[in-house]
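Coordinate analysis (summary)
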Amino acid sequence: MKKRIIKTIAFVLGAVFCLQGAKAQLKVYGQVKADDDKPIAGANVLLLHTKDSSLAKGTVTLVSGNFMLDNIPPGQYLLSISFAGFKTFYKNSIGISNKDVDAGSCKLVKDAVELSAVTTVSRKPMFEQKIDRMVINVKNSITSAGGTALEVLEKSPGVMVNRQTNAISMNGKDGVVVMINGKISRMPADAVIQMLSGMNASNIERIELITTPPANFDAEGNAGFINIVLVSNPNKGLNGSYSLTMGYGNGYSPAGAVNFNYRNKKINLFGDYAFTWQNPEQDWNFFHRLSNQGVITDNNTDTRRHTQTGEHIAHLGLDIQLSPKTIIGGIIGGYDSKWTMTANNTLSVVKNNVPDTSVYIVNEELNQWKHFMANINFSHQIKEGENITADLDYLYYKDNNPNTYTNQYFNGNGTALGQEYTRSSKLTPFTIWVGKVDYNKKINEKLHAEAGVKLALSEFTNDVAVETLKQSNWVADSSLTSKYSLKEDIAAAYTAFSITASAKTSIKLGLRYEYTSSNLGSIKQKNIIDRKYGRFFPSIFVTQKVDDNNSFNFSYSRRITRPTFRDMAPFVIFIDPYTFFSGNSGLQPAFSNVFKVDYMLKSFVFSVSYTKENETIANFQPKISKDNKQIYAAENLDNIKTLNLSISLPFTVTKWWNMQNNLQGTWQQLNAVYDKGPFRVEQKNFGFNSSQNFTLPRNYSMELSGFYQSKGLFGAAVTKSMALVNFGVQKKFKDNKSKLRAAVDNIFNGYKLRAVTDIPSENVYNTVYLTFSFRTYKLTYTYNFGNNKLKDKRNRGTASDEEQGRVK
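Residues numbered from 1 in each chain as written. Predicted model: local features only at pLDDT ≥ 70, side-chain atom pairs only at ≥ 80, totals over all residues. Heavy atoms only, no water.

1. A closer look at the packing of aromatic side chains
Heads up, the rule is: Only Phe, Tyr and Trp rings take part, Trp by its six-membered ring, and two of them pair if their centres are within 6.5 Å. Stacked means planes under 30 degrees apart, edge-to-face means over 60, and tilted covers everything else. Residue burial is assigned from relative accessible area. The probe radius is 1.4 Å, only protein chains are included, and a residue is buried under 20% of its type maximum, exposed over 50%, and partly exposed in between. Labels follow the DSSP assignment, with helices taken as runs of H or I lasting at least four residues and strands as runs of E lasting at least two, numbered in each case from the N terminus. Either the NZ atom of lysine or the CZ atom of arginine qualifies as a charge over a ring when it sits within 6 Å of the ring centre and within 35 degrees of the ring normal.
Counted according to the given criterion, the structure contains 19 aromatic pairs. Ring centres of Trp284 and Phe286 lie 5.8 Å apart, and the angle between their planes is 65 degrees; on these two criteria the pair is classed as edge-to-face. Under the relative-accessibility criterion, Trp284 is labelled buried at 7%. Ring plane angle 40 degrees and centroid distance 4.9 Å describe the contact between Tyr556 and Phe595, whose orientation is recorded as tilted. Here Tyr556 is found in strand β31 (residues 550-561), whereas its partner Phe595 is found in strand β34 (residues 590-601), with 39 residues between them in sequence. Given the relative accessible area of 15%, Tyr556 is considered buried. Above the plane of the ring of Trp284 lies Arg305, whose end atom (NZ or CZ) is 3.7 Å from the centre. The aromatic ring of Trp474 is capped on one face by Arg423, whose charged end is 4.2 Å from the ring centroid.

2. Re the sheet that holds strand β4 (residues 66-72)
Convention followed: Pairing between strands is defined by DSSP: at least two bridges between the two strands are required. For helices, the axis comes from a line fit to the C-alpha atoms of the stretch in contact; other axes are also lines fit to C-alpha atoms, and the angle between any two N-to-C directions lies between 0 and 180 degrees.
As summarised here, the arrangement of the 3 strands in space is β4-β1-β7, forming an open sheet in which the pairing is mixed. The sheet terminates laterally at β4 and β7 (101-108), the two strands that pair on one side only. On average, each strand axis in the sheet is inclined to that of its neighbour by 20 degrees, with strand direction left out of account.

3. Description of the environment of Ser773
How we decide: Contacts: residue pairs with any heavy atoms within 4.5 Å of one another.
Mapped onto the elements of the fold, Ser773 is located in the loop between β47 (764-771) and β48 (776-786). Along the backbone, Ser773 and Asp283 are 490 residues apart, and their C-alpha atoms lie at a distance of 9.3 Å. Among all residues touching Ser773, those that are not within four sequence positions of it are Asn746 and Tyr751.

4. Considerations on the nonpolar core
Quick note on the threshold: Among buried residues, those of type Ala, Val, Leu, Ile, Met, Phe, Trp, Tyr and Cys that are joined through side-chain atoms within 4.5 Å constitute a nonpolar core.
Of all hydrophobic cores here, the largest spans 42 residues; its most connected members are Ile207, Leu209, Ile226 and Ile228. Ranked by residue count, the leading element in this core is helix α2 (residues 149-154), at 4 residues. Ignoring anything within four residues of it in the chain, the contact list for Ile226 reads Leu153, Ile168, Met170, Val176, Val177, Val178, Met179, Ile207, Glu208 and Leu209. Residues Val359, Ile573, Phe574 and Phe580 belong to the second largest nonpolar core, which totals 24 residues.

This is the structure in C-alpha cells:
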C-alpha cells in the first residue's frame, strides 16, 4: 500500500516539475463603457483564438466596467464583448508576445445583434458551490468518464451512498429525493440505486445537490434533492456526441452512450441512449450477538456475491413552436435494468464459544426493473413577464425479483444434518399519473409572483410469496405470502413571491399545501393503512449583498419524508435462515424544519445548517428476536438533530493548476424509544472532497480527485471511516471534437462500508462489512459531431419533476 502511495505522489510531483518549464503567461485588460461613457457591469468579455474563434479566456466586467484576462499564452487573438441591449463589440488583431496588453476603453452601442458564428468553449470545475446548491460538472471530469452516475454521487461532497440498504444521504441526513432532468424518479430505493449504477456518466451534463428547495418543489425530502441533468445539445442543426468505454476492476465493465439534437426553425428533436455492463464480485459480512438466559449466541455470515448488471436507457423528445409565444412538446423514455447474482454464503453459529451449527447457502437472485414514461407539455407566454405552463406525465414501472435458496446444515463437528430448499418471489407493477399547472408573473421591477397546482395519482400491487420444498411439493409460508395493493393520491398548491427590497436585498417567500390520502391493504386484510392528512410547508429565502465580494443568505423550509412504497408493502429477502430484510407497513411520515445560513466571500462559500426531524424514518434497522433471528426493517425513530458546517474553497494555485476543496463537519444526535426505554447516540463527523486539475502541454490534462469520510450515523448504526482516490489523464485531439481519457478509480481499494449497531438495553449488537467496488481501470473515447453554432435551448420540466423518487 505504501509503495502505491509513494508512486502516485512521485508521478504527480514529476508532472508538476515538468510543467514549471511552461512559457510565461500574460494579461489583457481594459474597461467597457456605454456610448454615454457610463461603465457597464456584467458584460461578457471573451478572448478568442483568431484562427478558429475558439475560446481562450472569458470573464465578466466589474461594477466599474473594468476587466482583466490573465494567464494568456503568446499568440493572435480576437476580443469579443457583449451585453443585453447592445451590439457586440469586436477588437481584432490583438497580438500577445512578451508583455501585457491594454485593450483600452471599449464602447458598446445600443441595439445588440446576436453573435451567431463564434464557438465558445470553457472548462468548468468539477465542483461549483452555488448559494443554494452544489453543482458537480460530470461532463468535464476526466475521472468520471466511463463511470456511472452512482460512482459520481459516491465521491460528491456530503453525499453518502449505502448500497446494502439502498439509501442515499446528504449532509448527514436521509430522505434524499433523486430527480432526472428535474423529474423525480418515483421508484423504489433499490431500483434507484440499480438504475444509477447502470447510468453511463458520459450522458450526464451535471449533478445538482439542492439543499434548500423552494416552494415550487415538492415538500418531499428531508435532506433535499439530487438532480441529474443529462447531456443536452442546444445547437442549431444536427449535432451530438458518442462515447465508448472499456473498464476492468474485478470484472469487465464496458459502456457506451450517444445523444443527438436536431433543431431547425420551429422543431427540436432530441434523444439519447446508453448501455452499461458490470460483473463485479462483492464481499459481505454480517455478525450479530444474542444473549438469552445465560447463553451467548454469535452468528457470523460471510457471503461472496457474483453479480452481473446490464442496463439500457433511452429518451426521445420533440418540441414544436406553434407561435412566437407558444410551445408544445413531448418526451417518451424508459429503461431495462437486469441484475443477477449467485451468492455463496456461509453461516457459523457459536454458543458460549462452542461451535453449534453451520449452514452453507447458495442464493440465486434476479432483480429486473422495466420502466416506461411519457410526457406532454405546454408553455405559453401571455405577455412580457407573464407565463403559464402545463404538464401531464404517465409513469409505469415493473419489478420482478425472484430468489432461490439451497441451505445445507451441519452440526458443530461438521457432520451433515440435512438440506432445505426455499424460494421467494416478488412481482410489483407501479402506475403513476401526474399533472400540474404553473403560473408566474412579473408584477413590477421589484415583485415577481408564482402559483401552481399539482395532482399525483399512484397505484401498485405487490405480490410476495415464500415457499419451502417439502416431499416434492412447494408449500407456501402463510405468514410471509400475500398480495398487497396501495393507492396514494397527493394534491398540492403553492404560491411564492420574489421581492427585491433594495439594490442589495432580495427576499423570496413561499407557502405550499399538500394533502395526502394513502390506503394499503392485502387479500387477507383490508385497510392495513388508511391515512388522510394535510400540511402547510412554508419557505423563506433572504439574500443580502454587502458588496461585490461579500453576501449572505438565510433560508428556512419545512419538509416531509413519506414512507416509500416498498417500505409500506412488506417483502422478504434472506441472507441466511437467521438474517433477512423486510418491510414495515406501520411506518409514519416524518416532518422536519431546516434552517440554513450561507456566507459568500468571492468564490468561497461558508454554510451552516440545522435540522430537526421528528418521526425519522431510518432504513433497515436491525432487531434480534429471542429465537435468534435478525430482521432488518425501516423504523420510525423519535427524532434526529443535525448540525452541519460546509466550506467550499476553490483555488488557482498556478496558471496550470486549479483545485476545488469541500469540507463538511456534522454533529448528529439520534433519539429513539425502544421496548425497554429511551436510547440516545451522538456522533461527530468530518468529510473532505478535493479535485485537483492540471493543464498539461499539447492538449493533455490531468485530474486527481477523492474524498475522506470519518465515522458517522446511519439510523442507530455508527458507520466507520472510508476514503476514495481517483486519477485520470485526458488527451484532446487537433480536430477539437474528440478526446481520449484514461482513469483509475478507487486506487487504494479504500471504499468499504463498515457499520456497528450497539444497543445493550435492547440486546442488539451487530456489525456489517460490505465491499461493493474494487480498483477499476477505464479507457473512454468521446467524439462530438455536427453543427456547433450557438442557439439558446428551451428550459423545460415535466409534471413529475418531484414524483419519480418515491417508488423506492
